[in-house]
Amino acid sequence: MRAFANSLLVLTLVTGGTIVRPATAQTVDATDTDPDKSAQGDVSVTIYNGNLALVQDVRQINIPSGITRQEFPDVSAEIRAETVSFAADGTSIVEQNFDYDLLTPAKLMEKAVGQTITIIRTNPATGSETRERAKVLSVNNGVVLKIGNRIEVLRDDGLPVRAIFDRVPPNLRARPTLSITLDSARTGTRAASLRYLTPGLGWKADYVSLYDEQSGSIDMQGWVTLTNNSGTTYRNADTLLVAGNPRGGRGARGNRNRRQLTQAGTETANREQLGDFYLYPISGRTTIANRQTKQVSFMDVQGVAARKVYQFDVGWLSSMEEPRSASTAISFSSSQQGGLGDALPAGTVRFYQRDARGNPQFIGESNIGHTPMGSILSLATGDAFDVKVKTEVASRGKISSSEWEESARYRITRSDGSTDTVTAERPKEFWRTAMKYTLTNARNQPVTVDLRQYGLSRSWWGNDTRVISENIGGTALSGEQINASTRLWKVPVAANGTTVLTVVYETRY
């Protein structure tokens with residue numbers, strides 16, 4: 001097949017030396033290849049994030065009485081046939097079939113196995129043609145022919161070859177076609193509604209943000225980026241986008257960054273909802289061409305408060321041989337007051353910042369999941385050039401159980417006064433660990449780094465980690481315990497300066 005597909009093979013359909021023309025019918029025949037012609041009717045397309053779409057197509061069909069077969073060309077080539085729903089007044093469905101074999105040179109040759117075709121070869125020097133009748137024996141990894149008493153393989157040798165076929169196989173279609181056998185109680189033209197699910201259609205949001213560090217603000221544009229790889233064009237379609245992950249679609253998972261969403265919002269956006277999903281209609285009807293990417297604006301706001309944030313994450317007992325860059329993030333809100341004022345469908349946020357000449361330059365991007373209005377986001381844009389962090393275990397050693405008990409600050413009991421009796425499943429060991437965090441800043445302005453220490457919990461047997469002391473140069477600094485595993489410090493670092501944070505932990509591991 002590969003040699004056949006790559007050769008200079010021209011396919012021609014003839015009957016008795018005459019080119020075949022399709023007969024007039026209610027449907028589009030396989031040989032009708034007009035790219036601008038469509039059998040679709042009034043089309044509505046609802047597109048979900050997870051590579052899934054609902055197509056609803058209402059066509060005016062002349063349906064005879066009794067049992068007849070009606071063909072519906074120009075359905076999705078990726079149609080999930082088991083999801084098809086058909087409705088027309090006074091009719092019932094007897095059977096439905098989806099013809100998914102599309103008319104291509106490879107498929108035409110494949111369907112010709114066992115049949116006789118005509119092979120025409122042209123002499124490049126003289127232009128003379130030689131015709132031979134050949135029986136197609138096989139198309140596995142190449143086309144094998146029987147010509148007279150010899151067996152021949154069509155080679156990709158650069159010589160012009162044409163294969164002439166006597167007919168088009170009845171199950172090959174120029175366009176994806178659904179055929180439905182109907183039982184109609186009457187004759188007449190009526191609306192026939194076709195509804196089905198299909199993969200190959202999807203959308204996501206793309207955001208373009210211009211960050212102004214001096215004013216502490218961003219301008220944000222939001223674009224719907226719609227893609228169609230379903231094998232079919234949907235002409236003049238009423239299009240609706242759904243932001244959400246219904247079961248059956250893969251869903252838009254959003255960003256895997258640990259600190260993408262600082263705080264989930266609690267505000268309801270002023271948009272139509274369908275169940276728990278937000279709807280984003282595209283204004284006016286539009287043609288969604290196959291293998292096309294289309295963009296439509298849905299957000300344009302200016303002067304939203306934003307600030308630059310430096311972030312660094314540290315694993316438990318992490319000792320670095322050399323300093324590493326802190327990550328840079330832009331923090332902003334999606335709230336109605338002082339924020340973007342909208343719910344944000346999943347997508348990619350790309351940040352730009354003007355240089356000294358006033359030209360916007362790309363500074364980084366980050367993905368987001370579906371984000372409710374009123375949220376606070378902190379989206380990483382890249383690694384800081386001048387802000388570095390180095391962590392090291394300054395000391396670590398075992399401590400006695402009596403030393404462990406001395407650092408206890410409280411005991412937890414239930415509200416009813418009851419306690420649990422726990423049988424030890426492993427011997428208890430206690431450790432005192434001093435961690436040293438060195439932060440440097442080569443910028444000519446002071447910065448604050450959000451430093452997070454992870455790994456402070458080991459499930460039920462080690463979730464009682466204690467922070468004995470934390471200080472910068474002997475001055476106490478109070479961190480914030482985010483959860484059992486994570487502690488946060490906002491560490492100030494002077495311009496062209498260094499800050500050393502020292503923290504002592506007592507743990508059971």
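Just so it is clear, the structure is predicted and the values come from calculations on it, not from any experiment.

Counting its regular elements, the protein chain contains three helices and 33 strands. Classification of the 509 residues of the protein chain by burial places 42% in the buried group. Of the contacts formed within the protein chain by residues at least 6 apart in sequence, a portion of 77% connects residues at least 24 apart. With an accessible surface of roughly 26700 Å², the protein chain has 46% of that area assigned to carbon and sulfur atoms.

In this section: the side chain of glutamate 152. As for its position among the elements, glutamate 152 is in strand 11 (residues 150-153). Polar side-chain contacts of glutamate 152 include one of 3.2 Å to the side chain of arginine 150.

Before going further, it helps to examine the nonpolar core. Among the nonpolar cores identified, the biggest contains 53 residues, and Val45, Ile47, Leu194, Tyr207, Tyr234 and Phe332 are the most heavily contacted of them. Among the elements that make up this core, the one with the highest residue count is strand 15 (residues 201-212) (five residues). Aside from chain neighbours lying at most four places away, what touches leucine 194 is Val55, Gln56, Asp57, Phe72, Val75, Val84, Ser85, Phe86, Leu178 and Ile180. Ala384, Val389, Leu451 and Tyr509 belong to the second largest nonpolar core, which has 24 residues in total.

The next point concerns the packing of aromatic side chains. Following the criterion strictly, the structure yields nine aromatic pairs and no others. When the centroid spacing of 5.9 Å and the interplanar angle of 75° are considered together, the rings of tyrosine 207 and phenylalanine 298 count as edge-to-face. Of this pair, tyrosine 207 sits in strand 15 while phenylalanine 298 sits in strand 22 (residues 292-314); the two residues are 91 residues apart in sequence, bridging distant segments of the chain. The buried category is assigned to tyrosine 207, whose relative accessible area is 1%.

With seven of eight residues buried, strand 13 (residues 177-184) lies mostly within the body of the structure. Relative to strand 13, strand 5 (residues 66-73) is paired through eight bridges, and the arrangement is antiparallel. If you follow arginine 69 over to strand 13, its bridge partner there is threonine 181.

What follows concerns the pattern of salt bridges. If you walk through the whole model with that rule in mind, you get 23 salt bridges. Here arginine 121 makes a salt bridge to glutamate 132, at a shortest N to O gap of 3.2 Å. Taken together, the residues span a long stretch of sequence, with arginine 121 in strand 8 (residues 116-122) and glutamate 132 in strand 9 (residues 129-138) at a distance of 11 residues. On the basis of relative accessible area, glutamate 132 is assigned to the partly exposed category, the value being 22%. Taken together, the shared-partner salt bridges connect Arg121, Glu132, Arg150 and Glu152 into one network.

In this structure, threonine 433 sits in strand 27 (residues 430-441). Overall, the relative accessible area of 0% leaves threonine 433 in the buried class. A polar contact is formed between the side chain of threonine 433 and the side chain of arginine 396, at a distance of 2.7 Å. Dropping the residues within four chain positions of it, threonine 433 is found in contact with Trp316, Leu317, Val393, Ser395, Arg396, Val503, Val504 and Tyr505.

What follows deals with unusual backbone geometry. Look at asparagine 51: it is not a glycine, yet its phi comes out positive at around 55°. On the secondary structure map, asparagine 51 appears in the loop between strand 3 (42-48) and strand 4 (52-63). The exposure class of asparagine 51 is partly exposed, given its relative accessible area of 27%. At asparagine 236, a position not held by glycine, the phi torsion is positive, near 50°. In this structure, asparagine 236 sits in strand 17 (residues 234-243).

Here we take up the environment of asparagine 367. The topology assignment puts asparagine 367 in strand 25 (residues 360-368). When the C-alpha positions of asparagine 367 and alanine 380 are compared, they lie 9.2 Å apart, and in sequence the two are 13 residues distant. A distance of 2.8 Å separates polar atoms of two side chains, one belonging to asparagine 367 and the other to threonine 348.

Right, let's talk about the pairing of strand 4 for a bit. Across a regular strand the side chains alternate sides, sitting on one face of the sheet and then on the other. As defined by bridge partners, strand 3 adjoins strand 4 across seven bridges and the pair is classed as antiparallel. Paired with threonine 46 across the strands is leucine 54, a residue of strand 4. Linking strand 3 to strand 4, which pair antiparallel, is a turn of three residues; within it asparagine 51 sits at a positive phi near 55°. Here strand 4 runs beside strand 14 (residues 188-198); their pairing, made up of 11 bridges, is antiparallel. Paired with valine 58 across the bridge in strand 14 is serine 193.

Relative to the helices and strands, glycine 474 resides in the loop between strand 29 (466-472) and strand 30 (475-476). By relative accessible area, which is 64% here, glycine 474 ends up exposed. Considered as a pair, glycine 474 and valine 500 are 26 residues apart in the sequence and their alpha carbons are 9.9 Å apart.

Right, let's talk about the environment of threonine 233 for a bit. Within the element layout of this structure, threonine 233 appears in the loop between strand 16 (217-228) and strand 17. Sequence spacing of threonine 233 and asparagine 290 is 57 residues, and the spatial spacing of their C-alpha atoms is 4.7 Å. For threonine 233, the contacting residues outside a window of four places in its chain are Gln40, Asn228, Thr287, Ile288, Ala289 and Asn290. Here asparagine 290 takes part through its backbone nitrogen, which lies 3.0 Å from a polar atom of the side chain of threonine 233.

Another point: the confidence of the model for the protein chain. Scored by pLDDT, the protein chain has a mean of 83; 84% of the residues are at 70 or more. When the criterion is pLDDT under 50, residues 1-33 qualifies, and its contacts beyond four places in sequence or with other chains add up to 76 contacts. Overall, residues 251-258 carries pLDDT values under 50, and its contacts beyond four positions in sequence, including any with other chains, amount to 17 contacts.

What counts, and at which threshold
- Residues numbered from 1 in each chain as written.
- Predicted model: local features only at pLDDT ≥ 70, side-chain atom pairs only at ≥ 80, totals over all residues.
- Heavy atoms only, no water.
- Helix = DSSP H or I, 4+ residues; strand = E, 2+ residues; numbered from the N terminus.
- Buried < 20%, exposed > 50% of the residue type's maximum accessible area, 1.4 Å probe, protein only.
- Contact = heavy atoms within 4.5 Å.
- Areas by Shrake-Rupley, 256 points an atom, 1.4 Å probe, with all protein chains shown as cover.
- Polar contact = N/O pair within 3.5 Å; in protein donor to acceptor, adjacent residues only side chain to side chain.
- Core = buried A, V, L, I, M, F, W, Y, C linked by side-chain atoms within 4.5 Å.
- Phe/Tyr/Trp six-rings, centres within 6.5 Å; stacked < 30°, edge-to-face > 60°.
- Pairing = 2+ DSSP bridges.
- Salt bridge = Lys/Arg side-chain N within 4 Å of Asp/Glu carboxyl O.
- pLDDT = per-residue confidence, 0-100.

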